[in-house]
Number of protein chains: 2
Amino acid sequence: MQIGELARTTATKVETIRFYEKIGLLPEPGRTSGNYRDYGAAHLARLSFIRRARDLGFTLDQVRELLTLSDDRSRSCSAVDTVARAHLAQIDQKIADLRALRRELDELIGQCSQGAISDCRIIEALGPSAQNGH
Amino acid sequence: MQIGELARTTATKVETIRFYEKIGLLPEPGRTSGNYRDYGAAHLARLSFIRRARDLGFTLDQVRELLTLSDDRSRSCSAVDTVARAHLAQIDQKIADLRALRRELDELIGQCSQGAISDCRIIEALGPSAQNGH
DNA sequence: TCTTGACCCTGTAGTTGCTATAGGGTGCAT
DNA sequence: ATGCACCCTATAGCAACTACAGGGTCAAGA
Ligand SMILES: [Zn+2]
Ligand SMILES: [Zn+2]
Ligand SMILES: [Zn+2]
Ligand SMILES: [Zn+2]
């Protein structure tokens, strides 16, 4: 299987596959006589894993850790659980941050009376003397 | 006012101030005889504006646009409103995306029975044959 | 046989928004 | 004169790709 087909199968750009290889996430495949990369089922499996984990928002470092863990089939999966739960906590934090932001911005927009810039509460609130009471 | 004081006043790193100058967001200040940057009230006001907008999650391009708009005091602020509402929509989208992610991940974690890796539903779900029904 | 076109290769630079060095100069106090 | 805090420029690094530039490979069609 050459890189283009692997890319289509996993909905990944060709450049991204080469990038994963360069950073050691995806093992180097064999080469054809014409120096084309030649992938097999194991590569497809590994890349699918990477992509799914990325879709779930894991960082590449976390993906690397999950891959290492998953390669040791006999050990307990509590380490996997730990990685996953840490990621969940990060997501919760991000959601909370964004909600606070959203509240601020919404409040600001609600005060804009669509007049001249010099009266605009949005611009005013961004100005140097504005105090943010939150 | 030299750069360190401006940095402390606006809770910005010195390097960040120089970076804003380099990308044309903050105008070049005058220099002292010893080639130190010398800032005045206008710079402080502008940097405060930038920082507040960044805190609200606007991108540097959006900040640039807001600054340009705010410099024309007589025009209508509807353009400002447009930028702010677009940003709000982006935030809402991000929150929605993160919530969907969170739901997926939470579901996955709930299925992990803390056994061996080979039985772990998290690892399994990341594998190549896993179908995601969502 | 020659050429076209789709595919592949390497290597490097760009993206966003900073941050962190390295290797110096300035200014003031002791 | 020496220390120290502060400043200067220039460059490289971070995440996680993405986009070239400038080539090589391979199968099909005229
Ligand atoms: Zn408020
Ligand atoms: Zn307004
Ligand atoms: Zn699910
Ligand atoms: Zn498990």
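Refer to the preceding data block for the structure.
Residues numbered from 1 in each chain as written. Chains lettered and ligands numbered in written order. Predicted model: local features only at pLDDT ≥ 70, side-chain atom pairs only at ≥ 80, totals over all residues. Heavy atoms only, no water.

A.B. asks: How do you make sense of the interface of chain B and chain A when you look at a structure like this?
C.D. replies: Interfaces are often sized by the amount of accessible area the parts lose when they come together. Taken together, the 52 residues of chain B in the interface contact 52 residues of chain A. Together chain B and chain A conceal approximately 4600 Å² of surface at their shared face, both sides included; 72% is due to carbon and sulfur atoms. Here R102 of chain A ties to D92 of chain B by a salt bridge, and the two come within 2.6 Å at their closest N and O atoms. Scanning the region where chain B abuts chain A turns up 10 residue pairs in polar contact (both at pLDDT 80 or more). If you list the elements that add at least two residues to the side of chain B that touches chain A, you get α3 (41-55), α4 (60-71), α5 (78-111) and α6 (121-126) of chain B. When residues in the side of chain B that touches chain A are grouped by element, the largest group, 20 residues, is from α5 of chain B. Here the residues of the side of chain B that touches chain A sort into 28 nonpolar, 11 polar and 13 charged. (Contact = heavy atoms within 4.5 Å. Buried area = accessible area lost by both parts, 1.4 Å probe. Salt bridge = Lys/Arg side-chain N within 4 Å of Asp/Glu carboxyl O. Polar contact = N/O pair within 3.5 Å; in protein donor to acceptor, adjacent residues only side chain to side chain. Helix = DSSP H or I, 4+ residues; strand = E, 2+ residues; numbered from the N terminus. Nonpolar A, V, L, I, M, F, W, Y, C, P; charged D, E, K, R; others polar.)

A.B. asks: Whenever I open this one, the nonpolar core confuses me. Can you help?
C.D. replies: For soluble globular proteins, the rule of thumb is that nonpolar side chains tend to be buried together. In this structure, F58, V80 and I122 of chain A together with F58, V80 and I122 of chain B are the most contacted members of the largest nonpolar core, which totals 74 residues. Non-local contacts of F58 of chain A, meaning those with residues more than four positions away in its chain, are made with A53, V63, L66, V83, A84 and H87 of chain A together with L105 of chain B. (Core = buried A, V, L, I, M, F, W, Y, C linked by side-chain atoms within 4.5 Å. Buried < 20%, exposed > 50% of the residue type's maximum accessible area, 1.4 Å probe, protein only.)

A.B. asks: How should I be thinking about the packing of helix α1 (residues 3-10) of chain A against helix α3 (residues 41-55) of chain A in this particular structure?
C.D. replies: In a packed pair of helices, the relevant descriptors are the angle between the two axes and the axis-to-axis distance. Residues and elements named next belong to chain A. Where α1 contacts α3, the axes come no closer than 10 Å and their chain directions differ by 40°. Compared by their axis directions, α1 and α3 come out oblique. As α1 packs across α3, the resulting crossing turns out to be right-handed. Where α1 approaches α3, its residues L6, T9 and T10 are matched on the opposing element by L44, L47, S48 and R51. Along the lines of polarity and charge, the residues of the contact of α1 with α3 split into 3 nonpolar, 3 polar and 1 charged. (Axes fitted to C-alpha atoms, helices over the stretch in contact; angles between N-to-C directions. Parallel < 35°, antiparallel > 145°, perpendicular 65-115°, else oblique. Left-handed = near helix turned anticlockwise from the far one by under 90°.)

A.B. asks: Looking at this model, I keep getting lost on the protein's contact with DNA strand C. Mind explaining?
C.D. replies: Not every one of the 21 residues close to DNA strand C is listed here, only the nearest: G4, R18 and R37 of chain A together with Y36 and R54 of chain B. Near the protein, meaning within 4 Å, the atoms of DNA strand C are sugar or phosphate in a fraction of 77%, with bases accounting for the rest. A distance of 2.7 Å is found between a phosphate oxygen of DNA strand C and a side-chain nitrogen or oxygen belonging to R37 of chain A. The contact in question runs from a phosphate oxygen of DNA strand C to an N or O atom on the backbone of G34 of chain B, over 3.4 Å. Those elements that provide at least two residues to the surface near DNA strand C are α1 and α2 (14-22) of chain A together with α2 (14-22) and α3 of chain B. Ranked by residue count, the leading element in the surface near DNA strand C is α2 of chain B, at 4 residues. Looking at the surface near DNA strand C, its residues break down into 6 nonpolar, 7 polar and 8 charged. (Near = heavy atom within 4 Å.)

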